[in-house]
Amino acid sequence: MDDHASSFGAAAAAYARHRPDYAEAAVRWALEPAAGPRVLDLGAGTGKLTATLVSAGADVTAVEPDPAMLGELRGELPDVRALPGRAEAIPLPDASVDAVLAGNALHWFDMAVAGPEIARVLRPGGVLAGLWNVVDDRVGWVAGLARVSGSAAIGPRDTPAGWRAETAGFGSAERAEFPHGQRRTADSLVATLATRAGMLVMPERERTIVLGRIRAFLARTPETADGEFTLPMQTCVLRITS
């Protein structure tokens, strides 16, 4: 796990408060081929995907390596089985789940090690799916936000076209994209972008400059200058059935 992947713990409370949930239609599509309700949320973070899975009726086990993130998840979802662990060493028995889902986490896994581990815990015919929330830069002001923010805040997997390019290596995996959105104000959108991994590892002075530039853009943009607005998003899904 690199510095980016391990940077979230220090911002766990902000992550829990500001990161979006996942489109319910995307979660339903991800689980469609699963033979049963037992789902592993791998790299579960503070439980954003976990909560949507619970709402969908899944029997969820959440696994997360960072103690601060895991603490937030347990506080928000006390009835969910939540375990410390990594994708490369999953603390579950063989053939114990019908699906493994990862929300904005699959790209952090060392798949040379995690792939066999995921296959081990999946039942025959099981499903592996990665879900990513991306901003919809086909909307004009969102494209402007992406340009102003820079790759540390809105990176190569954070737009629909970028996501498709970044996941091309998964070959024959099925892909789908689902409309989504998050109600934000200028201040809360700045706070959301501040939880991005690239922002969290940025030197403090540079981080302050970037966030100030984003704040100034939002203040002069009619769609975001006053009160609440919806940030246009997509939940993108990569699905593999064994």
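Residues numbered from 1 in each chain as written. Predicted model: local features only at pLDDT ≥ 70, side-chain atom pairs only at ≥ 80, totals over all residues. Heavy atoms only, no water.

Caption draft 1: Fine view of the packing of aromatic side chains. A complete count under the given rule lists three aromatic pairs for this structure. Between the aromatic rings of Trp 29 and Phe 178, the centroid separation amounts to 6.1 Å while the plane-to-plane angle is 50°, which identifies the pairing as tilted. With Trp 29 in helix H2 (residues 24–31) and Phe 178 in strand E6 (residues 174–184), this residue pair connects regions lying 149 residues apart in the sequence. Take Phe 178: its relative accessible area is 15%, and that puts it in the buried class. Residue placement shows Arg 239 over the ring face of Trp 29; its charged tip is 3.7 Å from the ring centre. (Phe/Tyr/Trp six-rings, centres within 6.5 Å; stacked < 30°, edge-to-face > 60°. Helix = DSSP H or I, 4+ residues; strand = E, 2+ residues; numbered from the N terminus. Buried < 20%, exposed > 50% of the residue type's maximum accessible area, 1.4 Å probe, protein only. Lys NZ or Arg CZ within 6 Å of the ring centre and 35° of its normal.)

Caption draft 2: Representation of the pattern of salt bridges. Tallying each qualifying case throughout the model produces 13 salt bridges. Between Glu 166 and Arg 157 there is a salt bridge, and its shortest N-O distance comes to 3.8 Å. A salt bridge links Arg 183 to Glu 228; its shortest N-O distance comes to 3.5 Å. You can see Arg 183 sitting in strand E6 and its partner Glu 228 sitting in the loop between helix H10 (204–220) and strand E7 (229–241), a full 45 residues away along the chain. A cluster of three or more residues bridged by salt bridges with shared partners is formed by Glu 32, Glu 174 and Arg 239. (Salt bridge = Lys/Arg side-chain N within 4 Å of Asp/Glu carboxyl O.)

Caption draft 3: Quick look at the environment of Arg 239. Along the chain, Arg 239 falls in strand E7. Taking relative accessible area as the criterion, Arg 239 reaches 6% and is therefore assigned buried. Counting along the chain gives 37 residues from Arg 239 to Met 202, while the straight-line C-alpha distance between them is 32 Å. When sequence neighbours within four positions are dropped, the list of residues in contact with Arg 239 reads Trp 29, Ala 30, Glu 32, Pro 33, Val 127, Leu 128, Ala 129, Ala 173 and Glu 174. There is a polar contact of 2.5 Å between the side chain of Arg 239 and the backbone oxygen of Trp 29. (Contact = heavy atoms within 4.5 Å. Polar contact = N/O pair within 3.5 Å; in protein donor to acceptor, adjacent residues only side chain to side chain.)

Caption draft 4: Spatial organisation of the sheet that holds strand E2 (residues 59–64). Ordered by their spatial adjacency, seven strands build an open sheet running E3-E2-E1-E4-E5-E7-E6, and the pairing between neighbours is mixed. In this open sheet, the two edge strands, each paired with only one partner strand, are strand E3 (81–84) and E6. If you compare each strand with its neighbour and ignore which way they point, the axes differ by 25° on average. Alignment of strand E5 (residues 122–135) against E7, held across nine bridges, turns out to be antiparallel. Opposite Leu 131, over in E7, you have Val 237 as the bridge partner. Against the sheet, helix H5 (residues 111–121) touches strand E1 (38–42), strand E4 (97–103) and E5, its axis set at about 125° to E5. (Pairing = 2+ DSSP bridges. Axes fitted to C-alpha atoms, helices over the stretch in contact; angles between N-to-C directions.)

Caption draft 5: The packing of helix H8 (residues 186–193) against H10, seen in detail. Running from N to C, H8 and H10 point in directions that differ by 150°, and their axes come no closer than 10 Å. Classified by the angle between their axes, H8 and H10 sit roughly antiparallel to one another. When you trace H8 past H10, the crossing you get is right-handed. Residues Ala 186, Asp 187, Leu 189, Val 190 and Leu 193 of H8 form the contact with H10, whose own contacting residues are Leu 211, Ile 214, Arg 215 and Leu 218. (Parallel < 35°, antiparallel > 145°, perpendicular 65-115°, else oblique. Left-handed = near helix turned anticlockwise from the far one by under 90°.)

Caption draft 6: How the structure looks around the confidence of the model for the protein chain. Averaged over all residues, the pLDDT of the protein chain is 94; the fraction at 70 or higher stands at 96%. Below pLDDT 50 for its whole length, residues 1–6 participates in nine contacts with residues either more than four positions away or in separate chains. (pLDDT = per-residue confidence, 0-100.)

Caption draft 7: The side chain of Asn 104, seen in detail. Counting through the fold element by element, Asn 104 comes out in the loop between E4 and H5. A polar contact of 3.0 Å, which involves the side chain of Asn 104, links it to the side chain of Tyr 22. In this structure the side chain of Asn 104 is engaged in a polar contact, spanning 3.0 Å, whose partner is the backbone nitrogen of Asn 133. Apart from residues no more than four positions distant in its own chain, Asn 104 is found in contact with Tyr 22, Leu 131, Trp 132 and Asn 133.

Caption draft 8: Layout of H10. When the terminal C-alpha atoms of H10 are compared, their 25 Å separation across 17 residues agrees well with the 24 Å that a helix rising 1.5 Å per residue should span. By the burial criterion, the buried members of H10 are Arg 207, Val 210, Leu 211, Ile 214, Phe 217 and Leu 218. For H10, the angular spread of the buried residues around the axis is 115°, confining them to a single face. Exposed residues pointing more than 90 degrees away from the buried face of H10 are listed as Arg 205, Ala 219 and Arg 220. (Expected span 1.5 Å × (residues − 1). Arc of directions from axis to C-beta.)

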